[in-house]
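Inside the fold
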Amino acid sequence: MSQHDRPRRLRLGMVGGGQGAFIGGVHRIAARLDDHYELVAGAFASDPERSRSSATDLHVAAERAYSDYRAMAEAESRREDGIDVVAIVTPNHLHFDVARTFLEAGIHVICDKPMTTTLEDARALADLVERKGLFFGLTHNYSGYPLVRQARDMVAAGELGELRVVQVEYPQDWLSTRLEESGVKQAEWRTDPKRSGPAGCLGDIGTHAYHLARFVTGLELEALAADMHTFVEGRALDDNVHMMLRFKGGARGMLWSSQVVPGNENGLRLRVYGSRGGLSWSQETPNQLLHSPLGEPSRILTRNGPGLGEAALAAARIPPGHPEGYLEAFAQLYTDYAEQIRARQAGRQAHELSVTTPGVMDGVDGLVFITRALESSTSGGAWVNV
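Presented here is a report on the structure given in the accompanying data block. A quick note: this is a predicted structure, and the numbers were derived from the prediction, not measured.

Some words on the overall build of the protein chain
Along its length, the protein chain carries 12 helices and 14 strands. Along the longest, intermediate and shortest principal axes, the C-alpha atoms of the protein chain span 65 × 55 × 40 Å. The 386 residues of the protein chain split such that 55% are buried. Sequence separation of 24 or more characterises 69% of the internal contacts of the protein chain that already satisfy a separation of 6 or more. In the form shown here, the protein chain has an accessible surface area of approximately 16700 Å², with 50% of it arising from carbon and sulfur atoms. A distance of 2 Å separates the average location of the 40 positive side-chain charges in the protein chain from that of its 49 negative side-chain charges.

Some details on empty space enclosed by the protein
Counted by the stated rule, this structure contains five cavities of 30 Å³ or more. Empty space within the largest cavity amounts to approximately 50 Å³. Contributing to the lining of the largest cavity are Pro114, Thr116, Thr117, Ser196, Gly197, Pro198, Ala199, Gly203, Leu367 and Ile370. Looking at the lining of the largest cavity residue by residue, the classes come out as five nonpolar, five polar and no charged.

Thoughts on the sheet that holds strand β2 (residues 37–43)
Here we have five strands laid out as an open sheet, ordered β2-β1-β3-β4-β5, and parallel in their pairing. The open sheet has two edge strands, β2 and β5 (136–138), and neither has a second partner. Direction aside, the axes of adjacent strands within the sheet are offset by 25° on average. With respect to the sheet, helix α3 (residues 69–78) is in contact with β1 (10–16), β2 and β3 (85–89), its orientation differing from that of β2 by roughly 130°.

Focus on the nonpolar core
Core analysis: the biggest nonpolar cluster contains 46 residues, and Leu202, Val216, Met243 and Phe369 have the highest contact counts within it. The set of elements that each furnish at least two residues to this core consists of α6 (146–156), β6 (163–171), α9 (201–217), β7 (221–229), β8 (240–247), β10 (269–274), β11 (277–282) and α12 (360–378). Every residue in contact with Met243, bar those within four places of it in the chain, is listed here: Leu202, Leu224, Ala225, Ala226, Gly253, Met254, Leu255, Phe369 and Ala373. Grouped together as the second largest cluster of nonpolar side chains are 33 residues, Ala41, Ile88, Leu138 and Leu367 included.

Brief notes about helix α5 (residues 119–132)
The end-to-end C-alpha distance of α5 is 20 Å, a good match for the 20 Å that 14 residues give at a rise of 1.5 Å each. Of all the residues in α5, the buried ones are Leu119, Ala122, Leu125, Ala126, Leu128 and Val129. Buried positions along α5 lie against α4 (95–104), β5 and α12. Backbone geometry just after α5 places Gly133 at a positive phi near 70°.

Focus: the packing of aromatic side chains
This structure, assessed with the given rule, holds nine aromatic pairs. When the centroid spacing of 6.0 Å and the interplanar angle of 85° are considered together, the rings of Tyr142 and Tyr170 count as edge-to-face. One end of the pair, Tyr142, is in the loop between β5 and α6; the other, Tyr170, is in strand β6, and 28 residues separate them in sequence. Each of the two residues, Tyr142 as well as Tyr170, counts as buried. Taken together, a centroid distance of 4.0 Å and an interplanar angle of 0° make the contact between Tyr210 and Phe369 stacked. Here the residue Tyr210 occupies a position in helix α9, and Phe369 occupies one in helix α12, the gap between them amounting to 159 residues.

Procedures and definitions
Residues numbered from 1 in each chain as written. Predicted model: local features only at pLDDT ≥ 70, side-chain atom pairs only at ≥ 80, totals over all residues. Heavy atoms only, no water. Helix = DSSP H or I, 4+ residues; strand = E, 2+ residues; numbered from the N terminus. Buried < 20%, exposed > 50% of the residue type's maximum accessible area, 1.4 Å probe, protein only. Contact = heavy atoms within 4.5 Å. Areas by Shrake-Rupley, 256 points an atom, 1.4 Å probe, with all protein chains shown as cover. Lys, Arg positive; Asp, Glu negative; His and termini not counted. Charge placed at Lys NZ, Arg CZ, Asp CG, Glu CD. 1 Å grid on protein atoms, 1.4 Å probe; cavity = no way out; pocket = protein on both sides within 12 Å on 5 of 7 lines; lining within 4 Å. Points joined across faces, edges and corners; volume = space filled by probe spheres on them. Nonpolar A, V, L, I, M, F, W, Y, C, P; charged D, E, K, R; others polar. Pairing = 2+ DSSP bridges. Axes fitted to C-alpha atoms, helices over the stretch in contact; angles between N-to-C directions. Core = buried A, V, L, I, M, F, W, Y, C linked by side-chain atoms within 4.5 Å. Expected span 1.5 Å × (residues − 1). Phe/Tyr/Trp six-rings, centres within 6.5 Å; stacked < 30°, edge-to-face > 60°.

Take a look at the structure:
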């Protein structure tokens, strides 16, 4: 493809992610890594001065630095060079209204997770996406890792046989104390029910663990029994969750997420076992996938190594032995989103390797999961059908 044949960069807007925000910077790096997007507009903060200052830092033109996302959606939808897609990187309680506003303006949406704070709002967004015929991407970024996609393909190909056991865990230690009282912005809003929603640890990282299990195995959850607990005195939301899972078809599972376990940084790990073998993957060593065929020696598959399938190789960027990780996985979602958006703009089918990304229905599934877990935990850990 010559330089003249390459499609233009997608014009990206952003709501949230201003000065001092962590996830906004991650989204911007991910969007630029494969050169598919250009950040041209934003409402980067609720405070107008901070939004303008953030825009200046990000080289966004002053006339496209908005103090209100509603004004941004209206103005950008009217511009001939208006944004193609908006990235929503605000605290959770704003996701629904921001996404609805841009969808109603005819603008594609990329949203951080969880999609909303209530199941009712999640279903309303799904209806709106379908009615408008727009693209909606949800950044469960761990689905972008090459070896996670390799694991998904191996399960789908039957290499593990009939699935029996799924274990997923996501332990951290950063909220082991009342960090929210020390002025740390991330801790403040993530432990605040008004901004985070009714689930703390579960909504923040437990949903990542749940989506990873569903993404790799393809299993549908049938029922769960949850124990959501708050260990740090005075905290309003859960900081530790244990859960038993029953999947349709007979597989059983366990999920543990915690933000109060010293010695754990970002310990997302998935293990899947079937009648013919098992797989194990850890986010902290993401370039290796352990495959244990029944009755044979275990083997380690490496990113870009021999034996990988097309989906894994398509998500890898650099030669073997050069580690890839969190930012590259995030970027893979943005690259897949770009292909899907361009396909819609051109009236063609998106490439088949790009369409496995999490979307609006994964957002609904995540809110069903959170809602049923809350029901179970408040009922003393009773089994609840999903």
